[in-house]
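Examining the three-dimensional arrangement
The primary structure of each chain is shown beneath.
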Amino acid sequence: MNQVKRILLLVGSAKQTISTSELIGTYLIERLQSNGYETETLFAHKLLKSNSWERLLSSTDRADIIVIAFPLFVDCLPYSVIKSLEQIAGHRQAKSELKEQTLVCLANCGFPEQHHNDTAIAICRQFAREAGFKWAGALSLGGGEAIGGQPLFKIKRTTKNVMKALDLTAEAIALGHPVPQEAIDSMAKPMVPKWIYLLMGGWGWKRRAKKNRVLKTILHRPYEG
Amino acid sequence: MKAVILNGAEKDDRDIDNISTIISSELSDSGFEVQSLDLHEMKIAYCLGCFECWTKTPGECRHNDDAREVVRQFIQSDLSVLLTPVTFGGYSSNLKKGLDRIICLISPFFMQINGETHHKKRYDSYPHIIGIGVLPEEDKESERIFTTLVSRNALNAHAPSHSAGVVLRNQESETIRENIRSLLDEIGVVQ
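Each value, and the rule that gives it
Residues numbered from 1 in each chain as written. Chains lettered and ligands numbered in written order. Predicted model: local features only at pLDDT ≥ 70, side-chain atom pairs only at ≥ 80, totals over all residues. Helix = DSSP H or I, 4+ residues; strand = E, 2+ residues; numbered from the N terminus. Rg over C-alpha atoms; globule rule 2.2 N^0.38 Å. Buried ≥ 20, exposed ≤ 12 C-beta atoms within 10 Å, placed from the backbone. Expected span 1.5 Å × (residues − 1). Contact = placed C-beta atoms within 7 Å. Domains from an automatic or database assignment. Pairing = 2+ DSSP bridges. Axes fitted to C-alpha atoms, helices over the stretch in contact; angles between N-to-C directions.

**Examining the overall build of chain A**
- Check the secondary structure of chain A and you find eight helices and five strands.
- N-terminal to C-terminal, the α/β element order of chain A is β-α-β-α-α-β-α-β-α-β-α-α-α.
- On C-alpha atoms alone, chain A measures out to a radius of gyration of 18 Å, which is about the 17 Å that the 2.2 N^0.38 rule sets for 225 residues.
- In terms of overall dimensions, chain A has C-alpha extents of about 65 × 45 × 25 Å along its principal axes.
- Considering chain A as a whole, with its 225 residues, one finds that 48% of them fall into the buried category.

This is the structure:
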């Protein structure tokens, strides 16, 4: 009898509402669920807050595939994710034998150009090397704010290339293959034209500041020496 | 001139504490007034990614914790030194917990630099940045990732100039000192 395969999704966003990281990560693992995988989702900031590293380590040990979905923070992974990776690497480096486990990363950023994620993805690849995971590759999404917290299937016109990328990735990794180039290229396509994204972005910041009655002071400099 | 060292070492990391002392002495000799912040000692909450530091309390995070000192020292310095054990090619979690909170120093609004989108400045001037990574042994890929990361940070933080390099834990103090001098020479702020 075949042993049930397990997949662990580690979400790197600490947003209080549903995040792009959670949405794309969940979409991917649900596709794998339909291929017979058992899934588990952990949030890096919750592990950090409750110091629940044992839980992270036992879930990691059980998983066959680990998916890390994270937003770009200051050109790399958020603090809570780096802390999680440090814990995992320390745990695995102390082991004499490791079973074959695969690592996949889903990076997203608020800039319209997805290549801002390149350094963070290189860090994930290096983590895989140092912690003894099989590196399956990464998908890189720019303009992540365009998803706006909505399930991908509800805004298909915007997210069709994102869903295609995740579908292709799920199919490939279920077969033990790396993330296919077609999926990488599909995820890299802008969801909306850059000029519209920039226009909407600027307008969105002003709208939020106006709602909070701080539009006039939005460029305040509290740390001016 | 003011310089701040953001030290991302773990507690009791004597090698990095020694490197921090060398950096501090080189900076003092070059005329800097030096402040060193050991981030492992600081209580800093993780960034929620809520962007309220742009749209609700402009320029300041809603968390009132030690990150405010990191942010203040960073923006009020002429030079910011990012000192860290190289961790998968990047920064340690200790350094990153401080750096994640500096986004309040830039504007939410976008600008283009060489055809690439970045955030505009909030302040008139920003510090020069030097990244110093510490590795147990030579690792070209880690070094490449680390220097790229520091340049990306420098670009997004509007640093007038930057330099980055790696030193090894087992290197002689004099070799480390020479490497640090060369990183200081590269940014061109030392008389």
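**Here's the deal with helix α5 (residues 140-156) of chain B**
- The end-to-end C-alpha separation of α5 of chain B is 24 Å, in line with the 24 Å expected for 17 residues at 1.5 Å each.
- Those residues of α5 of chain B not exposed but buried are Ser142, Ile145, Phe146, Leu149, Val150, Asn153 and Ala154 of chain B.
- Where α5 of chain B is buried, its residues contact α5 (118-131) of chain A together with β3 (79-85), β6 (128-135) and β7 (162-168) of chain B.
- Phi turns positive one or two residues past the end of α5 of chain B, at His158 of chain B, with a value near 55°.

**Notes on the domain arrangement of chain A**
- Taken domain by domain, chain A comprises domain 1 (6-192) and domain 2 (193-225).
- The centre of domain 1 of chain A, based on its C-alpha atoms, is set 29 Å off from the matching centre of domain 2 of chain A.

**Overview of the pairing of strand β4 (residues 106-113) of chain B**
All names here are of chain B.
- Sheet topology places β4 next to strand β5 (residues 116-121); five bridges connect them, and they run antiparallel. Considered in β5, the bridge of Met111 is made with His118.
- The antiparallel hairpin formed by β4 and β5 contains two residues in its connecting segment, where Asn114 sits at a positive phi of about 50°.

**As for the sheet that holds strand β2 (residues 38-43) of chain A**
Residues and elements named next belong to chain A.
- Sheet architecture is open: five strands sit in the order β2-β1-β3-β4-β5, paired in parallel fashion. Looking along the sheet, the strands with just one partner apiece sit at the ends: β2 and β5 (134-141). Averaged over all pairs of adjacent strands, the angle between their axes in this sheet comes to 15°, without regard to strand direction.
- Alignment of strand β3 (residues 65-71) against strand β4 (residues 102-108), held across seven bridges, turns out to be parallel. Bridged to Ala69 within β4 is Leu106.
- Along the sheet face, helix α6 (residues 156-174) touches β3, β4 and β5 and points at about 175° away from the line of β5.

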